[in-house]
Amino acid sequence: MIMNSNKPVIAVYDFDGTITDRHTFWRFLRELTGPFKFWYIVITMIPWIFGIYYRGTSIMDAREVLIRRLLKGTTKKRFYEVSN
């Protein structure tokens, strides 16, 4: 648990779909980065998608690159603003 001011913050993980039926992680990243940057970065990942399909590139490697690109330049302040 992370303490923020006087309010405790709790992280909830929903691996079995009992809390939501959507992938909230990607929605969180879109909110964090803004829709323009989010979709711009996603479009730049098209070569990775072809690599996954045709060359056997690891989807986890592609996901790591995508997340790293999306989070680049994000401040802790912005992260906490969106996550609270």
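Our structure is the block above this text.
Described in the following lines is the structure provided in the data block. (Residues numbered from 1 in each chain as written. Predicted model: local features only at pLDDT ≥ 70, side-chain atom pairs only at ≥ 80, totals over all residues. Heavy atoms only, no water.)

Along its length, the chain carries 5 helices and 2 strands. In the chain, the succession of α and β elements from N to C terminus is β-β-α-α-α-α-α. Evaluated residue by residue, the chain yields a buried proportion of 17% over its 84 residues. Sequence separation of 24 or more characterises 57% of the internal contacts of the chain that already satisfy a separation of 6 or more. Surface accessibility of the chain: about 7,200 Å² in total, with carbon and sulfur atoms responsible for 61%. (Helix = DSSP H or I, 4+ residues; strand = E, 2+ residues; numbered from the N terminus. Buried < 20%, exposed > 50% of the residue type's maximum accessible area, 1.4 Å probe, protein only. Contact = heavy atoms within 4.5 Å. Areas by Shrake-Rupley, 256 points an atom, 1.4 Å probe, with all protein chains shown as cover.)

In this model, the second largest pocket occupies a volume close to 250 Å³. The wall of the second largest pocket is formed by Trp 26, Phe 38, Val 42, Met 45, Trp 48, Ile 49, Ile 52, Ile 59, Ala 62, Arg 63 and Leu 66. Listed by contribution, the elements that provide at least two residues to the lining of the second largest pocket are α2 (35-44), α3 (46-55) and α4 (59-71). The element contributing the most residues to the lining of the second largest pocket is α4, with 4 residues. (1 Å grid on protein atoms, 1.4 Å probe; cavity = no way out; pocket = protein on both sides within 12 Å on 5 of 7 lines; lining within 4 Å. Points joined across faces, edges and corners; volume = space filled by probe spheres on them.)

Running from N to C, helix α1 (residues 24-33) and α2 point in directions that differ by 120°, and their axes come no closer than 6 Å. Viewed along their axes, α1 and α2 adopt a mutual orientation that is oblique. Counted together, Trp 26, Leu 29, Arg 30 and Thr 33 of α1 and Pro 35, Lys 37, Phe 38 and Trp 39 of α2 form the full contact between these two elements. (Axes fitted to C-alpha atoms, helices over the stretch in contact; angles between N-to-C directions. Parallel < 35°, antiparallel > 145°, perpendicular 65-115°, else oblique.)

Moving on: the packing of aromatic side chains. The full count for this structure, using the stated rule, is 7 aromatic pairs. An angle of 10° between the planes, with centres 6.1 Å apart, marks the rings of Phe 50 and Tyr 54 as stacked. Within this pair, Phe 50 and its partner Tyr 54 are both found in helix α3, separated by 4 residues, close to a single helical turn. Look at Phe 50 and you get partly exposed, because its relative accessible area is 45%. Where Tyr 53 meets Tyr 54, the ring centres are 4.7 Å apart and the plane angle is 90°; that geometry is what we call edge-to-face. For Tyr 53, a relative accessible area of 65% gives the class exposed. Residue classification places Tyr 54 among the exposed residues on the basis of a relative accessible area of 59%. Of the aromatic side chains, those joined through ring pairs into one cluster are Phe 28, Phe 79 and Tyr 80. (Phe/Tyr/Trp six-rings, centres within 6.5 Å; stacked < 30°, edge-to-face > 60°.)

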